[in-house]
Each structure stands twice: as C-alpha cells, then as structure tokens.
Amino acid sequence: MRVLAAEDRIEPGMIEPYAIATVRNVMATMWRRDDREVRNRHRVFDPTQPDDVENVLVASEEQLAINEALRRLTDRERQVLLAHEVSGAATQMLADEAGSTAGAVAAQLKRTRARLRVEYLLALDHIEPPTDRCRPVLLALSSADRRRQREVDAARHLLECDVCARLSEPLLDRGPVRDDVLHVTIGADPDIVSARRAARDLAAQAGFTGTDLTMLATAVSEVARNIVRFADNGDVTIELLERPRRGIRVVARDMGPGIADVEAALQDGYSTYSGLGLGLPGARRLMDEFNLVSEAGHGTTVSMTKWFDPKGSA
Amino acid sequence: MNSGPALVSILRQGDTLVASVHTALDDSEMIRFQNDLVRQIGEVRARGIIIDVAALDVIDSFGSRTLRSIADIARLRGATTVIVGIQPEVAFAMVRLGMDMGQVPTALDLEEGLAYLARLRAVGAS
Ligand SMILES: [Zn+2]
C-alpha cells in the first residue's frame, strides 16, 4: 500500500513519477487490441532503456496530460485507481479497506478508468469541451455503456459537436476497457447460465482446461443461483488474476437479506431448500479459495478463486 | 419449449423414450423439460427412459436434483430411467460438488443405455 499511503501526503500535482509511468502504461494499452499487452501493463516505462529513448519527448507530453487527468479525478478515485493499478492491490483488499464490496470497487474502477481516458484526451489537446453535454457523452462512449449512450443521445451530439466527434475516435477505436474482467448482472434463471459461460470463456482464454474449467463453471452456477433464489438480484464479477499467480477470481454480490448463520450455511445439508443444501459448501469444494461475508439485511458477498494449474487436472 | 431451436428432443422408440438435451438449460427450462417428459411417460406408456446429457458442460446441484427427481417420478409411474453421456469432467465436478445420481442407473452412451433397458426387460420376462 505504499502508493496509497504516499498519495495522502503529496499534492495531486506531484504524483510520483513511477506512478505516472505505470498509469501511462495503462493508458497506452487502452488503444491496443493485443490482450497480452494489457496483461503486461504493470511493466514500468523506463526512459533509460534504449528502446524507450525516442519515446521520451512524446512521453513527457503524455505524462503532463496523464498528470492533469489524474488531478481531475476525485481524491478517492485517484487513490483507489493508483492502489489497484500501481500497487496491484486486489479489489477485495480495497473493498475490505473501504468497507465496501469487491464488485462495487470493480465497478468504481471501471468508471474511473473511463473518466481518466476522457480527461487524458482533453488534457492532451489542451481543450475544454464546448458544451455541458460533452463530458457525459464522452464518458458514456469511454465506458462503452450503450444504455447510457442512448440516454445522453450520444449519436446526435457527435453529429453536432466537432470536438466530441474528434475525441470519440480514440475512445471508440479500442477493445473493451479491460478484457480480463467480466460483469454479469444476475436477476433471473438465464443469468445463471450466462454467468457460468462468462467464467468458462475467460478461464479458457487464460489457459484453463478440462476439469478445472468445469469445476469453475459449476461453482459459478451455484453462487449465481444463490443470488436468484435468496436475493432476487445482484451481480457476478469474474476477474483474471496474474498475481501471486494466474487464477480466476469470482465475486458474487447481492443486496439480499443476508445469511444469518454463515458457518451453518457452509455445512452440507444445512437447508433442504434447493440451493443452500449443496450450493455453497459444494462451490467451496470446487474452488481453491472461498470466502463468504454476509450481514443480515445488507446482503452477501462470496469471493472465490481458482488458481491455474499448468499441468491441468484429471 | 420456445420459438428457438429445440433445447431438448424427446423421441419414442418402442416403449422407450429417448430424451436428448441439446444445450445448457437454465432452471426454468429444466423444470419444463421435467414436466414435458413426465407427461409423455403417461401418454406413450413408456417403460424405459433414456436421458442423454452428453451436451451438458455443467451439471450443478439443481441439474442433478432435477434429473434424480425425473427418475423418481418415472419410477412411480412404472418406468426405469437411465442417464447416459455424463462427460468425464462433469462427473468429476459432480463428485467434488457432492452430488451423484443416487439410485438412478447411468450408462456411458445411448447404446449402453438401450442395452441396459433390454437386459432389464429380459430379466423381467423370464
Ligand atoms: Zn461535445
């Protein structure tokens, strides 16, 4: 948590160079479709390396823009983003620190990255958007949020506003913000199938095979069903981890009634009602790590991890 | 079941119903499948049922429970159910999950399932 601690002491305009360099790498990868680049984003830009020398001039322009963009975030947004991107703090750890949930932190990070991209582009061109509608439109484009784009009538604004039309190109001409995090909203039966498919797809991309894929998908199915049965709705976040080693983390979050006795809920045969009987203890057996936090009236968060085993399993 | 391509096909072969699940079913689709199948047992006076789940990449607690309850209901109506085609990874995960098929007979594939039912009939006839 070095950055988070240091960040409290320094002025926003004086963010440490290594933090800026790392965020620059995050920014640089945003316009690349090669997902390997995205996964290597923690590689720090080093102007002393011969390969990087000719990039220095461009880099300093970019650094100023990044610095300015970071400054325009709120303190909280900046802290969480730097802790996650620079120090590698997991969303769960950040959530625990803030008394929030991993899903909420992941959603916040997604919004922050979207804002950072917009502010970066504005700062790089030294422009202020000409109308009040510009930022909401750019933000909706940056976060690839189609519903929001319709709400703010982004398509129409791009016809009317030259500035946004120009900025929309780099915002749209990129892959997903991060292709190593997936969110699935859970509200009904079909979402259970969607969640386990998403987990399987991401894990397969990451090299998981065979039984590991099936165990992961089955565990996701169980925790997603738990949301549908007991909380009506919530979401499942599936995240590719690279540290301490490759793995898939699944966070299932709901705002339902919560589980009164967590210990009991993790015992086999706790309830005869379909779902809790085998769902949670079963999911725990299928994953390598399993953690459940529940508070009566405030919902339940299950976070569980499966580590990549290069040998594969049975 | 719905307007899209069939999720499940149920074919009659003599006094045997062969139900093939073609794709992942969500919980409501699974219940609809159960109801369709149970209804057809009565309609065709089936004595044997084969459920082919080779296309399923996940059989979780709900899936296992529903398959078992189909078999239980069928048994009460005089039909024997055989589950065929459980994939090896799926079998492994089911064991880890703590689910199994209980008393429901299983077989490697459709052919084995039909052979199993034929043997039962032979024993019953002697
Ligand atoms: Zn505009």
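Visitor: Pulling in residues and values, what's your account of the interface of chain A and chain B?
Guide: On the side of chain B, 21 residues touch chain A, which itself brings 25 residues to the contact. Between chain A and chain B, the buried area comes to about 1,900 Å², and carbon and sulfur atoms account for 56% of it. For the interface between chain A and chain B, the tally reads 5 salt bridges. A salt bridge links B:Asp60 to A:Arg196; the nearest nitrogen and oxygen atoms lie 3.7 Å apart. The tally of links between chain A and chain B comes to 9 residue pairs in polar contact (both at pLDDT 80 or more). Contributions of two or more residues to the side of chain A that touches chain B are made by α13 (189–205), α14 (210–230) and α16 (279–286) of chain A. Of all the elements, α14(A) adds the most residues to the side of chain A that touches chain B, at 10 residues. Across the side of chain A that touches chain B, the residue classes tally to 9 nonpolar, 8 polar and 8 charged.

Visitor: Describe the pattern of salt bridges, naming the residues involved and giving the relevant values.
Guide: As enumerated under the stated definition, the model contains 25 salt bridges over all chains in all. For A:Arg78, the salt bridge is made with A:Asp75, and the minimal N-O distance between the two is 2.6 Å. In this pair, A:Arg78 and A:Asp75 both sit in helix α6 (residues 75–85), 3 residues apart, roughly one turn of the helix. Accessibility expressed as a relative area gives 2% for A:Arg78, which makes it buried. B:Arg39 serves as the salt-bridge partner of B:Asp36, at 3.3 Å between the closest nitrogen and oxygen. Here the residue B:Asp36 and the residue B:Arg39 both occupy positions in helix α1 (residues 27–44), the gap between them amounting to 3 residues, near one helical turn. Each member of the salt-bridge network shares a partner with another, and the members are A:Asp189, A:Arg196, A:Glu222, A:Arg225, A:Arg229, B:Asp27 and B:Asp60.

Visitor: Kindly report on the sheet that holds strand β1 (residues 8–13) of chain B, identifying the contributing residues and their values.
Guide: Note on sheets: strands pair through backbone hydrogen bonds, and any given pair is parallel or antiparallel. Residue and element names in this part refer to chain B. Here we have 5 strands laid out as an open sheet, ordered β1-β2-β3-β4-β5, and mixed in their pairing. Of all strands in the sheet, those with a lone pairing partner are β1 and β5 (106–107), marking the two edges. Where strand β3 (residues 48–52) and strand β4 (residues 80–84) come together, 5 bridges link them in parallel fashion. Bridging across to β4, Ile49 finds its partner in Thr81. With respect to the sheet, α1 is in contact with β1, β2 (16–21) and β3, its orientation differing from that of β2 by roughly 165°.

Visitor: Would you mind going over the sheet that holds strand β2 (residues 234–241) of chain A in detail, with residue names and values included?
Guide: Residue and element names in this part refer to chain A. Strand order across the open sheet formed by 5 strands is β1-β2-β3-β5-β4, with antiparallel pairing between neighbours. Strands at the two margins of the open sheet, each flanked by one partner only, are β1 (181–186) and β4 (289–295). Averaged over all adjacent pairs, the angle separating strand axes in this sheet is 10°, with direction ignored. Both β1 and β2 contribute to a ladder of 6 bridges, which runs antiparallel. Bridge pairing links Thr185 to Asp235 in β2. Each of β4 and β5 (299–307) is contacted by α16, which is oriented at about 150° to β4, the strand it contacts most.

Visitor: Account for unusual backbone geometry, with residues named and values stated.
Guide: Positive phi, close to 55°, is recorded for A:Asp153, a residue that is not glycine. Positionally, A:Asp153 belongs in the loop between α10 (146–151) and α11 (154–160). The backbone of B:Arg45 shows a phi angle near 50°, a positive value even though the residue is not glycine. Tracing the sequence through the fold places B:Arg45 in the loop between α1 and β3.

Visitor: Explain the packing of helix α9 (residues 134–142) of chain A against helix α12 (residues 162–172) of chain A to me, using residue names and the numbers behind them.
Guide: Residues and elements named next belong to chain A. Orientation of α9 relative to α12, taken along the N-to-C sense of each, is 20°, at an axis distance of 9 Å. Comparing their axes, α12 and α9 come out roughly parallel. For the pair α9 and α12, the sense of crossing is right-handed. In this structure, α9 contributes Cys134, Leu138, Leu141 and Ser142 to the contact, and α12 contributes Cys164, Leu167, Ser168, Leu171 and Leu172. Broken down by class, the residue content of the contact of α9 with α12 amounts to 7 nonpolar, 2 polar and no charged.

The rules behind these values
Residues numbered from 1 in each chain as written. Chains lettered and ligands numbered in written order. Predicted model: local features only at pLDDT ≥ 70, side-chain atom pairs only at ≥ 80, totals over all residues. Heavy atoms only, no water. Contact = heavy atoms within 4.5 Å. Buried area = accessible area lost by both parts, 1.4 Å probe. Salt bridge = Lys/Arg side-chain N within 4 Å of Asp/Glu carboxyl O. Polar contact = N/O pair within 3.5 Å; in protein donor to acceptor, adjacent residues only side chain to side chain. Helix = DSSP H or I, 4+ residues; strand = E, 2+ residues; numbered from the N terminus. Nonpolar A, V, L, I, M, F, W, Y, C, P; charged D, E, K, R; others polar. Buried < 20%, exposed > 50% of the residue type's maximum accessible area, 1.4 Å probe, protein only. Pairing = 2+ DSSP bridges. Axes fitted to C-alpha atoms, helices over the stretch in contact; angles between N-to-C directions. Parallel < 35°, antiparallel > 145°, perpendicular 65-115°, else oblique. Left-handed = near helix turned anticlockwise from the far one by under 90°.

Honestly, that's just the spatial picture; any functional story needs more than this.
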